[in-house]
There are 2 protein chains.
Amino acid sequence: MQPEGYWVTIETMSHSGQEFGWAEQLQAAGHRLTAPRRAVLRVLEGARTHLHPEEVLERARLIYPGLGRATVYRTLALLTDLGLLHPIRLGGSPRLARIAEGHHHLVCLACGHSFSFEECPERELEAELARRFDFEIKGHLLEFYGLCPDCREAEDA
Amino acid sequence: MQPEGYWVTIETMSHSGQEFGWAEQLQAAGHRLTAPRRAVLRVLEGARTHLHPEEVLERARLIYPGLGRATVYRTLALLTDLGLLHPIRLGGSPRLARIAEGHHHLVCLACGHSFSFEECPERELEAELARRFDFEIKGHLLEFYGLCPDCREAEDA
DNA sequence: TTGATTGCAAATGATTTGCAAGGTT
DNA sequence: AACCTTGCAAATCATTTGCAATCAA
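These numbers come from a predicted model, not from an experiment. (Residues numbered from 1 in each chain as written. Chains lettered and ligands numbered in written order. Predicted model: local features only at pLDDT ≥ 70, side-chain atom pairs only at ≥ 80, totals over all residues. Heavy atoms only, no water.)

Chemist: Mind showing me how you'd approach the overall build of chain A here?
Modeler: Scanning chain A for helices and strands turns up six helices and five strands. Going from N to C terminus, chain A has its helices and strands arranged as β-α-α-α-α-β-β-β-α-β-α. Classification of the 157 residues of chain A by burial places 51% in the buried group. Excluding contacts between residues fewer than 6 apart, the proportion of contacts in chain A whose partners are at least 24 apart in sequence is 61%. Total accessible area computed for chain A in this model is approximately 7400 Å², and 51% of it derives from carbon and sulfur atoms. (Helix = DSSP H or I, 4+ residues; strand = E, 2+ residues; numbered from the N terminus. Buried < 20%, exposed > 50% of the residue type's maximum accessible area, 1.4 Å probe, protein only. Contact = heavy atoms within 4.5 Å. Areas by Shrake-Rupley, 256 points an atom, 1.4 Å probe, with all protein chains shown as cover.)

Printed below as a string of structure tokens:
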């Protein structure tokens, strides 16, 4: 019954036309660039997986040991406001793998493992939607849910 | 800074080939069909939006007043195990609209409003991925993130 | 009957907030 | 100097769990 609960994973936005690093964008928006923030940014920018806030904390503390948990949350909120991050929450997965700038997953509903793929058939759709809704689209997330081979096997047994 | 926090929204799985109602599927899986569960099921099956557990509780209490919060969570977990529900968590949106069986949203990063659309360009991709990863795919979620016309305007001002 | 299920209340876990101290511009 | 940021600890909010009573099969 998925006793593990759920996790917040951080979803970096794709094709946002990022000309500057996050640090610069943070400053451009009038925020100060402090050592704690730098540490968090470095972790996030370098992440090859979705990270929980707690993981961000752990890793960022390797860079800036005194870092407080609240600062991580505050920085995540800040980046979310700037449209650089988007929090999502998925149940059942101990961890979600992700390829650098892609946001395309295949998530197993049973074991929670996820697989990434690169195909992105939404480009045309994106343009069409941008036009129809007059939206400025910054990124997307495409996830398929199902059963992986191992779990299907286990289920049959 | 999005003081509202985040919400759990319930994502019904699409094209799952549902031949029976959830009540039947629950029983088929060996679970008992109780009044509290019936109430929750009725709310979920009738929902035209993503619902937070708290909303499910509120609505289900209209049907079965004595309903306890824990039972809602337990039932949601049960349905998740059966692959009928999938919990997701999105930040920044007060509510997420959704069209009956579609799971295609356009979410404004600023105001959190969401718009639904029907196009679904992933059918072929789904088949291709199912083959490549040997996955049994049950549903999917496609979300675009961006800025709606109103918020873009407000931002420019 | 008999084990599954329930509501309640307490326990847990995650996230947010108040505040005095410290850091950035 | 002025005000933004920080870390800490306390507060809050969401979710889970223990348990005795109740209910579906």
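Read on, since the account is not over.
Chemist: What should I look at first to understand the environment of Leu82 of chain B in this one?
Modeler: Residues and elements named next belong to chain B. Looking at the secondary structure, you find Leu82 in the loop between helix H4 (69-81) and strand S2 (85-91). On the basis of relative accessibility, which here comes to 27%, the residue Leu82 falls in the partly exposed class. Separated by 53 residues in the primary sequence, Leu82 and Ala29 place their C-alpha atoms 8.1 Å from one another. Setting aside residues no more than four positions away along its own chain, Leu82 makes contact with Gln25, Leu26 and Ala29.

Chemist: What is the right way to read the nonpolar core from this model?
Modeler: Generally speaking, soluble globular proteins have nonpolar side chains that are buried together. In this structure, Leu129 and Phe144 of chain A together with Leu129 and Phe144 of chain B are the most contacted members of the largest nonpolar core, which totals 22 residues. For this core, the secondary-structure elements that each account for two or more residues are helix H5 (123-133) and strand S5 (136-147) of chain A together with helix H5 (123-133) and strand S5 (136-147) of chain B. If we ignore the near neighbours within four places in the chain, the residues touching Leu129 of chain A are Asp134 and Ile137 of chain A together with Leu106, Phe117 and Phe144 of chain B. (Core = buried A, V, L, I, M, F, W, Y, C linked by side-chain atoms within 4.5 Å.)

Chemist: Looking at this structure, I do not really get the protein's contact with DNA strand C. What am I missing?
Modeler: Neighbouring DNA strand C are 23 residues; Arg32 and Tyr73 of chain A together with Arg32, Thr71 and Arg74 of chain B lie closest to it. For DNA strand C, the fraction of atoms within 4 Å of the protein that belong to sugar or phosphate moieties is 63%. Contacts to DNA strand C include Thr34 of chain B, whose side-chain N or O atom sits 2.9 Å from a phosphate oxygen. The contact in question runs from a phosphate oxygen of DNA strand C to an N or O atom on the backbone of Gly66 of chain B, over 3.4 Å. Those elements that place two or more of their residues in the surface near DNA strand C are helix H4 (69-81) of chain A together with helix H2 (35-46) and H4 of chain B. Counting residues per element, the surface near DNA strand C draws most heavily on H4 of chain A, which supplies four residues. A breakdown of the residues in the surface near DNA strand C according to their chemical character gives nine nonpolar, seven polar and seven charged. (Near = heavy atom within 4 Å. Polar contact = N/O pair within 3.5 Å; in protein donor to acceptor, adjacent residues only side chain to side chain. Nonpolar A, V, L, I, M, F, W, Y, C, P; charged D, E, K, R; others polar.)

Chemist: I tried to follow the pattern of salt bridges on my own but got confused; where do I start?
Modeler: Pairing between side chains of opposite charge can happen when the charged atoms of each approach one another. All names here are of chain A. Enumeration according to the criterion identifies six salt bridges over all chains in this entry. Arg69 is paired through a salt bridge with Glu54; the nearest N and O atoms lie 2.8 Å apart. Residue Arg69 is found in helix H4, and its partner Glu54 is found in helix H3 (residues 53-63); the two are separated by 15 residues along the sequence. Judged by its relative accessible area of 40%, Arg69 is partly exposed. (Salt bridge = Lys/Arg side-chain N within 4 Å of Asp/Glu carboxyl O.)

Chemist: Even after reading the chapter, I still don't get the packing of helix H2 (residues 35-46) of chain A against H3 of chain A, so can you show me in this structure?
Modeler: Pairs of packed helices are described in terms of their axes, by the angle between the two and the distance that separates them. Residues and elements named next belong to chain A. The contact between H2 and H3 brings their axes to 8 Å, and the two run at 120 degrees. Looking at the two axes, H2 sits oblique to H3. The interaxial crossing formed by H2 with H3 has right-handed handedness. Of H3, the residues touching H2 (which contributes Ala39, Val40, Arg42, Val43 and Leu44) are Val56, Arg59, Ala60 and Ile63. Grouping the amino acids of the contact of H2 with H3 by side-chain chemistry returns seven nonpolar, no polar and two charged. (Axes fitted to C-alpha atoms, helices over the stretch in contact; angles between N-to-C directions. Parallel < 35°, antiparallel > 145°, perpendicular 65-115°, else oblique. Left-handed = near helix turned anticlockwise from the far one by under 90°.)

Chemist: Just to check I follow, could you spell out the environment of Ala70 of chain B for this structure?
Modeler: Mapped onto the elements of the fold, Ala70 of chain B is located in helix H4. Along the chain, Ala70 of chain B and Leu57 of chain B lie 13 residues apart, while their C-alpha atoms are 9.4 Å from each other.

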